[in-house]
Each structure stands twice: as C-alpha cells, then as structure tokens.
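Listed here are the chains, written in short residue letters.
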Amino acid sequence: MLSARRLIVKIGSAVVADIETGEVRGPWLETLIEDVVRFFARGQQVIIVTSGAVALGSPHFKQLDRSLRNEQKQAAAAIGQIRLMLAYEQSLKRHGFGLGQVLLTSADVDNQRCRLNARSALQQLLKVGAVPVINENDATATPEMCLGDNDRLAARVAQIAKADLLILLSDVDGLFTEDPHDNPLARIIPEVRCITPEIETMAGLSPGRYGSGGMVTKLMAARIAMDAGCNVVIAKGNKSYPLAAIENGAPSTWFIPLATRQQHAEAVEEIPVV
Ligand code: GLU
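Rules of the game
The residue numbers shown here count from 1 along each chain, following its written sequence. In view of the model being predicted, local features appear only for residues whose pLDDT reaches at least 70, and side-chain atom pairs are presented and counted only at 80 or more, with totals across whole chains, interfaces and linings using the full set of residues. To get the side-chain values, all heavy atoms of the structure are used, and hydrogens and water are removed first. Grouping buried Ala, Val, Leu, Ile, Met, Phe, Trp, Tyr and Cys residues that are joined through side-chain atoms within 4.5 Å yields what is termed a nonpolar core. Buried, partly exposed and exposed residues are distinguished by accessible area as a fraction of the type maximum, computed with a 1.4 Å probe on protein chains only: under 20%, between the cut-offs, and over 50%, respectively. Only heavy atoms matter for contacts: two residues are in contact if any of them lie within 4.5 Å across the pair. For two strands to be treated as a pair, DSSP must find no fewer than two bridges joining them. A helix here means a DSSP run of H or I that spans at least four residues, while a strand means a run of E at least two residues long, and both kinds are numbered starting from the N terminus. Axis angles are defined between N-to-C directions and span 0 to 180 degrees, where every axis is a line fitted to C-alpha atoms and, for a helix, only to the segment in contact. Any Lys or Arg side-chain nitrogen found within 4 Å of a carboxyl oxygen on Asp or Glu counts as a salt bridge.

Engineer: Report on the nonpolar core, specifying residues and quantitative values.
Structural biologist: Among the nonpolar cores identified, the biggest contains 80 residues, and Ile 8, Ile 11, Leu 32, Tyr 88 and Ile 167 are the most heavily contacted of them. When residues no more than four places from it in sequence are discounted, the contact partners of Ile 8 are Ile 47, Val 49, Ala 154, Val 157, Ala 158, Ala 161, Ala 163, Leu 165, Leu 166 and Ile 167.

Engineer: Provide a residue-level description of the sheet that holds strand E5 (residues 98-104), including the pertinent values.
Structural biologist: Hydrogen bonds between backbone atoms are what pair the strands of a sheet, whose relative direction is either parallel or antiparallel. On the basis of which strands lie adjacent, the open sheet formed by eight strands has the order E5-E6-E4-E1-E7-E9-E10-E8 and mixed pairing. On the outer flanks of this sheet lie E5 and strand E8 (191-192), each paired with one strand and no other. Inspection of the sheet shows strand E9 (residues 231-236) paired to strand E10 (residues 252-255) by four bridges, in the antiparallel sense. Residue pairing across strands places Ile 234 opposite Thr 253, the latter belonging to E10. Along the sheet face, helix H4 (residues 70-93) touches strand E1 (6-11), strand E4 (45-50), E5 and strand E6 (130-136) and points at about 150° away from the line of E5.

Engineer: Lay out the environment of Val 109 in plain terms, naming residues and giving numbers.
Structural biologist: Residue placement: Val 109 occurs in helix H5 (residues 106-109). Here the alpha-carbon distance between Val 109 and Ile 160, two residues 51 residues apart in the chain, equals 8.1 Å.

Engineer: Can you break down the pattern of salt bridges residue by residue, with the values?
Structural biologist: Counted under the stated rule, the structure contains 11 salt bridges. Residue Glu 247 pairs with Arg 42 through a salt bridge whose shortest N-O separation is 2.5 Å. Of the two residues, Glu 247 sits in helix H10 (residues 242-247) while Arg 42 sits in the loop between helix H2 (26-41) and E4, which places them 205 residues apart along the sequence. The class for Glu 247 is partly exposed, based on a relative accessible area of 28%. A residue is classified by how much of its surface remains accessible, and Arg 42, at 32% relative accessible area, is partly exposed. Linking Arg 193 and Glu 191 is a salt bridge whose minimum nitrogen-to-oxygen distance equals 2.7 Å.

Function cannot be read off these values alone, since they describe shape.
Structure below.
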C-alpha cells in the first residue's frame, strides 16, 4: 500500500450509509477521511469512488430500495447524491482539502475522448488539493447503458487515472472459499494472482441490498484493474479507519497482476475498451 502512487478507494453503499435510517455514517466517514489525508501527507494521491446516493435518497420514496422502480431509484440518487457530497465535502474541509464531484456513465468511460477529458480533470483536481469523489451519473444511466455497479466503475476509473492500487471497501472481509454466511468454516483467500474458474465459483452470487454489487462484480472489477496492471484489495470497510486497518493486517484479499501498471503502460498505449 505504501508503494502505491495513486490509489482508488471504492466505498459501498452499506459502508457509507446507514441503510435503516438513510443517513450518512458521519463518524465513520471522519475516520476514512483521516486515513485519506494521511495518504496525501505521505505523497500518495487518492481518488474516491462512492456509492450511497440511492440509499440516502430512498427514504423520500418511503419504500425499500430493492422495491423501487428504476425511475424512482434514479430520482432517489439525484436527491441522495447531494447529501453524500455534502458529507464528504464537510469532512475534507476540516483537513484543508476541497472536493471535486465527478459523475460518469458507462458511455463516458467507453468513449476515448471522454476518458482523456476525465483523466485531465482528475489530474487538475488533485493538483489544487481537491479530492475527486466519483459516482455513476445514476439519473441519466439507462439499464442498457448502466455500468451496473460502482465496483466496475471504480476499476474503469483505475484504468483512466492510471492508478496502482484499487481498494474495494465493502461489508465483507474479502473473498472466501465459500459464502461465510452459509458456512462458518469458510476460509478467506489472502492472495489471488489469477482469476481462475475455481476463484469465480468461490465468488458465488450474493448482490448487496442497496448497491448492485456482491462478490461477482468485485471479481469483474479485479479482472479489469489487473488487466491494466493495477493491484486490487477487497476488505471490510465499515470499521473505523478502514485503510489503516488494511495496512495493519486486517483480513483482506489481494489481487496481484502479472505485470505492474508501469510495465503495462510500456506495452499498451491506450486504455482498452471493455
Ligand atoms: N450509484 C449507486 C449509488 O450511488 C450505487 C451503485 C452500486 O453501488 O452498485 O447509490
């Protein structure tokens, strides 16, 4: 983690939002931002990809997220996104950092010109001490054009921003041999160097309640990032100081690509469209 120059930290809905109350988990967010500030202080750059907009906006529709129609989810995201950004902004401000909100769709990340524009904008934000905080532009995403989940979006951002490390913070410790909810004897896999069919089977099918992710999309994200030479770590995010916890050896699964990002950059000139 120390050797990464640029890191993408992806925050799941159930990590940043209290799903029952539809409120931001403020005290937790403070500890995450303290971790982020520490990374900047030692010369590393952090870009945040955050979910939570739908979860924070859902109470306006007085139903549970899963039962909202697509257009209600999109409207919920439009409401929740503002609350989400305000919370990040307040926290960052306390440490003298600004925030730059970037909303992307799959159409954007599949378009080379948009990717290059996004890369330049991210660079400029980092230059002026504004932490880029990215989410999908949920209100305009159509089911066909939708990235489907922020895990994949975060992996595409890792490609675009030429990051060395993608940290996926969710409500699980990492990849297990079996779903630990079903089998308490399931073991965590500490390191993956190749995503084999066996590894895919371990991921099973367990989407979260508010995000659309689960382990399957995390593996997809890991594959995209690894193909760009970016290391990936999946770890539990809803504890205080979640990044420090990973550094201090909390359970996690690391995905190590064959080639580093630098070796990859030498071999491939542009970002592949996937
Ligand atoms: N963009 C969605 C939100 O902010 C989350 C999508 C996901 O986590 O898969 O609520």
